[in-house]
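Each chain is listed here by its residues.
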Amino acid sequence: MELAISNATKFFGKKSIFKDVSLTLKTGEIVAIFGRNGCGKSTLLKMIFGKMKGNSINILYNNEVIKPSEIIKEQIVSYLPQESFLPKNLKVRDIIPIYFSEEKKQDRIFYDPFIAKISNTVTGKLSLGELRYFEVLLIAQMDHQFMMLDEPFSMLEPIYKDKVKELLISLLDFKGIIITDHYYNDVFEISTNNKLMHDGKLYNIDTVNDLKDFGYLRK
Ligand SMILES: Nc1ncnc2c1ncn2[C@@H]1O[C@H](COP(=O)(O)OP(=O)(O)OP(=O)(O)O)[C@@H](O)[C@H]1O
C-alpha cells in the first residue's frame, strides 16, 4: 500500500508556507516530519486529510488519483490532530463504543491498564497527558491503512511514550504512519524515514546531526 503526495503548496494570503512538497508513505514505514514551530507541518497533514484546502496537492493512493476530500470518506487515513478532538463531557468508557462497535477492539482499549484507571473520568477532567494517551490509542485502533499523528508524544510521561512507541511499531505490518513531534529522540527511535520542513521545502534527514545543520537543533 502506498500513499504518494506531490505538488503540495500552501499560501496563507501572500505568505508562502511551503511549495511543491512531495512525500511518499508505504506500509511498514514511519515517516517523521521535523521542523521549527510554524514551518507548516500541521498544515501539510491537514491538507492531506482534506481538512484544509491547499493551493495545490496531488495524492496517489496505490497509484490511483484520490482527492483529499475522499481521504476521510474512503477511510484511508486516520489522523490525530494536534488539538484535542474528544467531547469533554463524556466518560472515557462511554467514548470507546462511539468509536468502535466491535467488542474486541473496545476491550483492547478498556483493558489497557492505564485506561482502566481513568475509565470513569469525564475527558474534560483528564490531565493533558492522560487525554493524549487515550486519543492516541483510539486513533491507533482504527482500521485505516495509513495514520498521521500530530504530536502524539505531547505531554506523555516517559513510560507512556514508550508504550506508544511499542504500539506504533506493532502496527507496521499493516499500516504506514506519518509522525510530527518535537520529541525528536523518541521519534528517531521508531522512524524509518526522516524529513525536515525548512524554508517551505521538505529535506531528507539521516541523523540528528542533520537536524543541527539545518538549525532545528542547537550545535
Ligand atoms: N488559519 C491560518 N491563517 C493564517 N495563517 C495560518 C493559519 N494556520 C496556520 N497559519 C500559519 O501557517 C504557518 C504554519 O503553521 P503550522 O501550524 O502548520 O506549523 P507547525 O509546523 O505545525 O508548527 P508547530 O510545530 O508549532 O505545531 C504558521 O506561520 C502559522 O501561523
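The model shown is predicted, which means the values in this text are computed figures rather than measured ones. (Residues numbered from 1 in each chain as written. Predicted model: local features only at pLDDT ≥ 70, side-chain atom pairs only at ≥ 80, totals over all residues.)

Peer 1: Looking at this model, I keep getting lost on the overall build of the protein. Mind explaining?
Peer 2: Tallying secondary structure elements over the protein gives nine helices and 10 strands in all. Computed over C-alpha atoms, the radius of gyration of the protein comes to 17 Å, within 12% of the 17 Å expected from 2.2 N^0.38 for 219 residues, which places it in the range of a compact globule. Principal axes of the C-alpha set define a box for the protein whose edges measure 45 × 40 × 35 Å. The burial tally for the protein puts 34% of its 219 residues in the buried class. In the protein, once contacts between residues fewer than 6 apart in sequence are set aside, the share between residues at least 24 apart is 67%. (Helix = DSSP H or I, 4+ residues; strand = E, 2+ residues; numbered from the N terminus. Rg over C-alpha atoms; globule rule 2.2 N^0.38 Å. Buried ≥ 20, exposed ≤ 12 C-beta atoms within 10 Å, placed from the backbone. Contact = placed C-beta atoms within 7 Å.)

Peer 1: When you look at the pairing of strand S1 (residues 2-12) in this model, what are you seeing that I'm missing?
Peer 2: The two faces of a sheet get side chains in turn, since along a regular strand they alternate between them. Sheet topology places S1 next to strand S2 (residues 15-26); eight bridges connect them, and they run antiparallel. In the sheet register, glutamate 2 faces S2, and the bridge partner there is lysine 26. In sequence, S1 turns back onto S2 through a hairpin of two residues, with glycine 13 there showing a positive phi of about 60°. For S1 and strand S4 (residues 56-61), the ladder comprises five bridges, and the chain directions are antiparallel. Bridge pairing links serine 6 to asparagine 58 in S4. (Pairing = 2+ DSSP bridges.)

Peer 1: Please clarify how the site of the ligand should be interpreted in this entry.
Peer 2: Taken together, Phe12, Ile17, Gly35, Asn37, Gly38, Cys39, Gly40, Lys41, Ser42, Thr43 and Gln82 form the complete shell of residues around the ligand. Among the elements that line the shell around the ligand, the one with the most residues is helix H1 (residues 41-48), at three residues. Looking at the shell around the ligand residue by residue, the classes come out as three nonpolar, seven polar and one charged. (Near = placed C-beta within 6 Å. Nonpolar A, V, L, I, M, F, W, Y, C, P; charged D, E, K, R; others polar.)

Peer 1: Help me out: how do you make sense of the sheet that holds strand S6 (residues 77-80) in this one?
Peer 2: Picture the strands of a sheet paired through backbone hydrogen bonds; they go either parallel or antiparallel. Read across the sheet, six strands follow the order S6-S7-S8-S3-S9-S10 without closing on themselves; strand pairing throughout is mixed. Edge positions in the open sheet fall to S6 and strand S10 (201-205), since each of these has one partner strand only. Neighbour-to-neighbour, the strand axes of this sheet turn through a mean angle of 20°, independent of strand direction. Its contacts with the sheet put H1 on strand S3 (30-35), S6, strand S7 (146-150), strand S8 (176-180) and strand S9 (193-198), and the angle it makes with S7 is roughly 150°. Lying over the sheet, helix H6 (residues 128-140) contacts S6 and S7, oriented at roughly 175° with respect to S6. (Axes fitted to C-alpha atoms, helices over the stretch in contact; angles between N-to-C directions.)

Peer 1: Help me understand the nonpolar core, please; the structure alone is not making it clear to me.
Peer 2: Side chains of a nonpolar character, in soluble globular proteins, are inclined to be buried together. In terms of nonpolar packing, the biggest core is built from 50 residues, with Ile48, Met148 and Ile178 touching the most fellow members. Of the residues forming this core, the biggest block, six residues, is contributed by H6. Those residues in contact with isoleucine 178 that sit more than four places away from it in its chain are Leu25, Val31, Ile33, Leu45 and Met148. (Core = buried A, V, L, I, M, F, W, Y, C linked by C-beta atoms within 7 Å.)

Peer 1: Help me understand the UniProt feature "domain: ABC transporter" (unreviewed entry) in the protein, please; the structure alone is not making it clear to me.
Peer 2: In the UniProt entry, the feature "domain: ABC transporter" (unreviewed entry) is given for residues 3-217. Secondary structure across residues 3-217 comprises 35% helix and 28% strand; the distance between its end C-alpha atoms is 29 Å. (UniProt positions renumbered as here; feature names shortened; annotations may be inferred.)

Peer 1: In this structure, what is going on with the environment of threonine 192? I would like to understand it.
Peer 2: Checked against the element boundaries, threonine 192 lands in the loop between helix H8 (184-190) and S9. Overall, threonine 192 belongs to the partly exposed group, with 13 C-beta atoms counted inside 10 Å. A C-alpha to C-alpha distance of 5.6 Å links threonine 192 and glutamate 29, two positions 163 residues apart in sequence. Non-local contacts of threonine 192, meaning those with residues more than four positions away in its chain, are made with Glu29 and Ile30.

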